[in-house]
Amino acid sequence: MSGLSPGSKKLVREMSSAQAAPCAIFAAIKEKHSEDCPTQRHIYNYREKIRTESFEGRDVIGQFYRLAIDKEYVHWTQAVPGSNVMPHLFMAHPTSITLFRSYYLFVGMDSTYKTNKYKMSFFEIIGMTPSNKNFLIAYAIMKDETKESYMWEVIHRVQGLIVPFITGFHDVVADGNYGFRVLVDAITYKQKEWKLMRVLIENEMRANRDLYAPVYGNGFDAALTCIKWAGAGCSESHWMVSPDDLYVAASVLNAVIFLFTTSQLGCCTILPMRSDDGRPPEREIVICHLGSYHHYIRLYLHPTFLVPPIATQRRIFHDPSVRHLDNLYAERRETWTRLY
């Protein structure tokens, strides 16, 4: 670059890596390499060249996405099939995720009108701390402000606000019995005892037919046939059905089961349907159904995770012996409802 010697260029690289301002770099070069007769334009031009070289052939959006991956951002994108066009992008910084875990009671959303050169809307999601300090939870770039675009952002916001609370997960054998494996593994840590889970659910259903029959509608007997299986791998006709079978499981295990799915409409909280002695639930089980993969995994979540609404069937058909449980997680459920 005309005007800068190799020594000056090295100094520009080193100070730029240290986040030094261009004026500080300019002053350092004038002091150490005054013979170059540099101008600030030389500094800006060479810094731009360094930045462009770091792209390694990627365009600006490609580099932006690469940095997001390197910095472990939570991110989702949508591309137009058969092209390089990206109409939607959603991102959240790891530090923002940590803040949101603690301060999730207030969330504001706003979208600027098309102010960038790509003619795309910029959608911001803002949080607030108890000291009235704002912080950026996440942001999105949308091709337009139509209902479809906002729905895409909302769906990914649902996933984005759950992902921050995930501290780990446990997978199980994908043999068709995975739903029952996930449940028994949460109790005994031995997923191979999935047959026991099937037997417990079947016995509970038979002993309390009047309670569970409305949950299954006209399919109660078919559900019993589906659950009664002792073979190895099984076909779809013997898979666990959620949330229906989970109502029974919650009662058998005296547990609260949180079901998360790839659709915000399927996420729900399942409390026990009945209780013999009125004891509060003894454990929490968090499971996730992986949509089109027809598979279940168990999730480990931060204690402050947002709680989805109580499942509809449970609210309607539960036994009076567990009515007192309806107020569990009220504040966290209210936050979920307000956000989604």
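### A short note on the packing of aromatic side chains
The description of two aromatic rings rests on the distance between their centres and on the angle between their planes.
Part 1 of the reasoning: Taken as a whole and assessed by the stated rule, the structure comprises seven aromatic pairs.
Part 2 of the reasoning: Relative to tryptophan 336, the ring of phenylalanine 260 has its centre 6.1 Å away and its plane inclined at 45°; by these criteria the two rings are tilted. Of this pair, phenylalanine 260 sits in strand E7 (residues 255–261) while tryptophan 336 is found in helix H13 (residues 330–339), placing the two residues 76 residues apart along the sequence. Summarising the burial analysis for this pair, phenylalanine 260 and tryptophan 336 share the class buried.
Part 3 of the reasoning: Taken together, the ring pairs in this structure connect Tyr178, Trp239 and Tyr296 into an aromatic cluster.
Part 4 of the reasoning: It is arginine 332 that lies over the ring of phenylalanine 305; its NZ or CZ is 4.8 Å from the centre.

### Side note on helix H2 (residues 22–32)
Part 1 of the reasoning: Within the span of H2, buried status applies to Pro22, Ile25, Phe26, Ala28 and Ile29. Buried residues of H2, viewed axially, fall in a sector of 165°; they line one side. When the buried face of H2 is taken as reference, the exposed residues oriented beyond 90 degrees from it are Cys23 and Glu31.
Part 2 of the reasoning: Where H2 is buried, its residues contact helix H1 (6–17) and helix H3 (40–54).

### Topic: the environment of serine 8
Part 1 of the reasoning: Positionally, serine 8 belongs in helix H1.
Part 2 of the reasoning: Excluding residues that lie within four positions of it along the chain, serine 8 makes contacts with Ile29, His33 and Asp36.

### Describing the sheet that holds strand E10 (residues 296–301)
Part 1 of the reasoning: Here five strands make up an open sheet; going across it, the order is E6-E10-E9-E7-E8 and the pairing mixed. Each edge of the sheet is formed by a strand with only one pairing partner; in this case those strands are strand E6 (166–170) and strand E8 (268–270). When the angles between neighbouring strand axes are averaged without regard to direction, this sheet yields 30°.
Part 2 of the reasoning: As defined by bridge partners, strand E9 (residues 283–289) adjoins E10 across three bridges and the pair is classed as antiparallel. Bridged to cysteine 288 within E10 is isoleucine 297.
Part 3 of the reasoning: Sheet contacts for helix H11 (residues 244–253): E7, E8 and E9; angle to E7, the most-contacted strand, approximately 150°.

The rules we used
- Residues numbered from 1 in each chain as written.
- Predicted model: local features only at pLDDT ≥ 70, side-chain atom pairs only at ≥ 80, totals over all residues.
- Heavy atoms only, no water.
- Phe/Tyr/Trp six-rings, centres within 6.5 Å; stacked < 30°, edge-to-face > 60°.
- Helix = DSSP H or I, 4+ residues; strand = E, 2+ residues; numbered from the N terminus.
- Buried < 20%, exposed > 50% of the residue type's maximum accessible area, 1.4 Å probe, protein only.
- Lys NZ or Arg CZ within 6 Å of the ring centre and 35° of its normal.
- Arc of directions from axis to C-beta.
- Contact = heavy atoms within 4.5 Å.
- Pairing = 2+ DSSP bridges.
- Axes fitted to C-alpha atoms, helices over the stretch in contact; angles between N-to-C directions.

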